[in-house]
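# Observations on the model geometry
Residue strings, one per chain:
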Amino acid sequence: MEYRCTESDQGRKLYYILRNGMGVSASLLKRLKNAGAVFLNGEPAFTTVTVMPGDIVTIDLIAAEREADLEPEAGDIEILFENEAMLIVNKPAGMIVHPSIAKYRGSLAAFAAGYLQKTGQDARCHVVNRLDRDTSGCVVFAKNAYYKTSLSEALASSDAEKVYLGVMYGALSGGSFTISQPIKRAEPQKMLRIVSPDGKRAVTHCEILGSDGEMTLARFTLETGRTHQIRVHSAYIGHPLLGDALYGTEESIKASERLGITAQALHAVSIRLRDPITGNMITAEAPVRRQELQSIIEVLWKNRK
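Description of the structure in this document. (Residues numbered from 1 in each chain as written. Predicted model: local features only at pLDDT ≥ 70, side-chain atom pairs only at ≥ 80, totals over all residues. Heavy atoms only, no water.)

Attention shifts here to the environment of glycine 260. Among the secondary structure elements, glycine 260 is positioned in the loop between helix H6 (250-259) and strand E15 (266-274). On a C-alpha basis, the gap between glycine 260 and glycine 213 in space is 18 Å, while along the polypeptide they are 47 residues apart. (Helix = DSSP H or I, 4+ residues; strand = E, 2+ residues; numbered from the N terminus.)

Listed below in structure tokens is the structure:
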């Protein structure tokens, strides 16, 4: 990665250029220094030196990467978007994003690393956003630590957008509404989240797309990104997602079994964020691949009002 110093950089320390001009985090800068991966006009340089207009600052991002914490694996992944900074893929339902103690192999991260390795790229990718195991759709990977920081900031920005399609139990009339209810972890159950006044701010915008009287298709746009946010908010308004065994009711679970929905009917259909390389907004859209969910969406879309 390269930066050309301008007139306004006259007399500034290289440290300032790295942290402010190039947006290098403190932790990454420490690794760059330890790896000897900071250069001024092609020569290794200390961060205390003063720069001049026209100087070229270069950092070797690959040299500063940590050792890989997972083994790349061969596997099919559906790539939605790729450039020097990122890889956006369509995660299947039932696949974990990152290895866990319970399931070390077969993760989306390992398959993404395998793809990068196969295509001659550095395989040490970084997960930027996560989805529940049974939620399908858009997942963003950064190709190095520098871009992970940039992409995390881009997703947290007000101009970013994460959109989901979900099927809720019960009938809801057309229109749009917002669910603004704080969410917290329900102790001692580590997995379960609940709406609570002392929870963290959570805002979900919901647009009803269609209903057949028993179930409702909705488009969810997240203003915040709390764990299980859509699942918790849907259950809170009395319309849990079909296939959601954790937050569903006895009635919604029975309906899910009858319809053959074994995992929560939730799909991250699109993600919009600013590209840290070009500064332009990009949008990746993920087709729904779950057959049972495809069929239900088609039926409910025909019943839209």
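The structure having been displayed, the exposition proceeds.
Among all positions in helix H1 (residues 14-21), only Leu14, Ile17 and Leu18 are buried. Axial view of H1: buried residues confined to an arc of 95°, hence all on one face. Positive phi shows up at glycine 23, right after H1, with a value of about 70°. (Buried < 20%, exposed > 50% of the residue type's maximum accessible area, 1.4 Å probe, protein only. Arc of directions from axis to C-beta.)

Let us look at helix H2 (residues 26-34). Taken together, the buried positions of H2 are Leu28, Leu29, Arg31 and Leu32. Considered in projection along H2, the buried side chains sweep an arc of 160° and stay on one side of the axis. H2 presents Lys30 and Asn34 as exposed residues on the side facing more than 90 degrees away from its buried surface. Its buried side turned inward, H2 meets H1, strand E2 (38-40), strand E4 (56-59) and helix H4 (145-156). Positive phi shows up at glycine 36, right after H2, with a value of about 65°. (Contact = heavy atoms within 4.5 Å.)

For the structure on display, the rule yields 1 aromatic pair. Taking the centre distance of 5.2 Å and the plane angle of 70° together, the rings of tyrosine 146 and tyrosine 147 count as edge-to-face. Owing to a relative accessible area of 9%, tyrosine 146 belongs among the buried residues under this scheme. (Phe/Tyr/Trp six-rings, centres within 6.5 Å; stacked < 30°, edge-to-face > 60°.)

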